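Chain residues, written in single-letter form:
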Amino acid sequence: MKYKLICIDMDGTLLNDNHEVSEENKIALKNAIDKGIKIAITTGRSFIAASQYAEVLGIKASIIASNGTYIREKDEDKVIYKHPFNREQFNKVCDVIEKYDIKKYFNTYNTMITNAEPPENHGYVISNKIAPDNLQVKFGIHKDFREAYDIYIDEILKAIIITEDTELLAKIKQELQAVGGLEVVSSGWQNVEVMAEGTSKGKGVKAFGEILGIDKEEIMCIGDNENDISMLTYAGLGVAMGNATEDVKELADYITDTNNNSGVAKAINKFAL
C-alpha cells in the first residue's frame, strides 16, 4: 500500500518523555515528505503550540489541532477546517467545571483562556521564551469563563481539565459525558479534554483526507492514548506506540517501538519508505 498521508500524534508519540523530537524521527519525516507523502501533526494541543514543534522539525507540515477541531497548514493563514463550541455547548462545559477547584482551560487556535495567570513553569510559558513572536501562545485571563465566549466568539475549540485526583477526574468526566452535546476524551491519566459534539481526531483526519482527495486506505495514523483511538481505527493503517495504553494497542493494526526509541521513525520506515 502506498500511503499518501501520515497523521502523527505529538505527546507520547512524536515527542519523547523530554518533549523532544529525536533525530531519527526528524530524518524519517523529511524522507517521507521528499517521497511526496503529506505529514499532518495531529494533536490535542492548540494550533499555535503544535506549530512551535513543526517549526523545530524544519518541515512543511499540516496541523490537525485541538483533537480534530482545527486544521491548517503551518505556514499559511487559510483555515482548512474549524469546528468550535457553540454557546450552548460552551455553557454546558462551564456548568460542570465551575463547581470544582481544579486546573481548567479553554483553547482557541492561538490562545489559552484561563482564570488565573499561568505559572512560570507552565509548558506554554517556557516555550514562549524561545518561540518567535508569531508562534507564541497568547493568554486570556478571565475570572469568569462565561464572559470569554463573546470575546472569542466562534473560536473556542476545546476545554481541558487537569488534576492528579483520578477519582475526581473520573467523576467530572462522567458528568461531562452525561450532559450530551459534547465529545469527552483523555490524552493522559491526569486530564479530560472536551470538544463540540461531532469532533474527534478521527473525524479531523477524515475531513482532511477528503479535502486532499486521499482515500482512508492511503492514510496511516500513529498515536498512544484514548484521544488517538478514533483516528487509528479510521485509518487504513493504525499504529500504536510501544508505550500506548492497552486499549489503543488492542485496536491498532501494528505496534511500533516506544516514543523514547523513535517508534514513529520505525513505523514510517517500515510501512511508508
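Keep in mind that this is a model prediction, so the values were computed, not measured.

Here is what the cut-offs are and how they apply
Residues numbered from 1 in each chain as written. Predicted model: local features only at pLDDT ≥ 70, side-chain atom pairs only at ≥ 80, totals over all residues. Heavy atoms only, no water. Pairing = 2+ DSSP bridges. Helix = DSSP H or I, 4+ residues; strand = E, 2+ residues; numbered from the N terminus. Axes fitted to C-alpha atoms, helices over the stretch in contact; angles between N-to-C directions. Contact = heavy atoms within 4.5 Å. Buried < 20%, exposed > 50% of the residue type's maximum accessible area, 1.4 Å probe, protein only. Polar contact = N/O pair within 3.5 Å; in protein donor to acceptor, adjacent residues only side chain to side chain. Right-handed = clockwise from strand over helix to strand, strands pointing away. Domains from an automatic or database assignment. Buried area = accessible area lost by both parts, 1.4 Å probe. Salt bridge = Lys/Arg side-chain N within 4 Å of Asp/Glu carboxyl O. Nonpolar A, V, L, I, M, F, W, Y, C, P; charged D, E, K, R; others polar.

A. Main features of the sheet that holds strand S10 (residues 182-185). Strand order in the open sheet formed by six strands is S8-S7-S6-S9-S11-S10, with mixed pairing between adjacent strands. Looking at which strands have only one partner, the edges of the open sheet turn out to be strand S8 (138-141) and S10. Strand-to-strand twist of the sheet, defined as the mean angle between neighbouring strand axes without regard to direction, takes the value 25 degrees. Examined bridge by bridge, S10 and strand S11 (residues 191-196) share four bridges and lie antiparallel to one another. Across the sheet, Val-184 pairs through a bridge with Val-194, a residue of S11. Sitting on the sheet, helix H4 (residues 87-97) touches strand S6 (103-107), strand S9 (158-162), S10 and S11, and the angle it makes with S6 is about 170 degrees. The strands touched by helix H7 (residues 166-179) within the sheet are S9, S10 and S11, with S10 carrying the most contacts at an inclination of about 155 degrees.

B. View of the side chain of Lys-74. Here Lys-74 shows up in the loop between strand S4 (70-73) and strand S5 (79-82). Using a relative accessible area of 11% as the deciding quantity, one classes Lys-74 as buried. For Lys-74, the side chain forms a polar contact with the side chain of Glu-55, separated by 2.8 Å. Discounting chain neighbours no more than four positions away, the residues touching Lys-74 are Phe-47, Ser-51, Ala-54, Glu-55, Ile-59, Ala-61 and Ile-63.

C. Structural detail: the sheet that holds strand S12 (residues 219-223). Pairing in this open sheet of eight strands is mixed, and the strands run S5-S4-S3-S2-S1-S12-S13-S14 from one edge to the other. On the outer flanks of this sheet lie S5 and strand S14 (254-255), each paired with one strand and no other. Relative to strand S3 (residues 62-65), strand S2 (residues 38-42) runs parallel, the two being bridged by three bridges. Note on S3: the bridge partner recorded for Ile-41 is Ile-63. Docked against the sheet, helix H8 (residues 201-212) engages strand S1 (5-8), S2, S3, S4, S5 and S12, running at close to 155 degrees with respect to S2.

D. Looking closely at the pairing of S8. Pairing of strand S7 (residues 111-114) with S8 involves four bridges; the strand directions are parallel. Directly across from Thr-114, in S8, lies its bridge partner Ile-141. Running through helix H5 (residues 123-128), the crossover from S7 to the neighbouring parallel element S8 is right-handed.

E. Main features of the environment of Ile-156. Take Ile-156: it is sitting in the loop between helix H6 (148-151) and S9. A residue is classified by how much of its surface remains accessible, and Ile-156, at 1% relative accessible area, is buried. Placed 72 residues apart in sequence, Ile-156 and Pro-84 show a C-alpha to C-alpha distance of 5.4 Å. Once residues within four sequence positions are removed from consideration, Ile-156 is found in contact with Pro-84, Phe-85, Phe-90, Phe-106, Asn-107, Thr-108, Ile-113, Ala-148 and Tyr-149.

F. Here's a closer look at the domain arrangement of the chain. Considered domain by domain, the chain is made up of domain 1 (5-82 + 200-272) and domain 2 (87-196). Here the C-alpha centre of domain 2 lies 22 Å away from the C-alpha centre of domain 1. Summed over both sides, the interface between domain 1 and domain 2 buries roughly 1700 Å², with carbon and sulfur atoms accounting for 56% of that surface. Put simply, domain 1 and domain 2 have two salt bridges between them. Salt-bridge contacts for Glu-226 lead to Lys-173; the nearest nitrogen and oxygen are separated by 2.9 Å. For the pair domain 1 and domain 2, the interface holds 13 residue pairs in polar contact (both at pLDDT 80 or more). When residues of the side of domain 1 that touches domain 2 are traced back to their parent elements, those giving at least two are helix H3 (47-57) and S4. Element by element, the count of residues in the side of domain 1 that touches domain 2 is highest for H3, at six residues. Of the residues assigned to the side of domain 1 that touches domain 2, the class counts are four nonpolar, nine polar and five charged.

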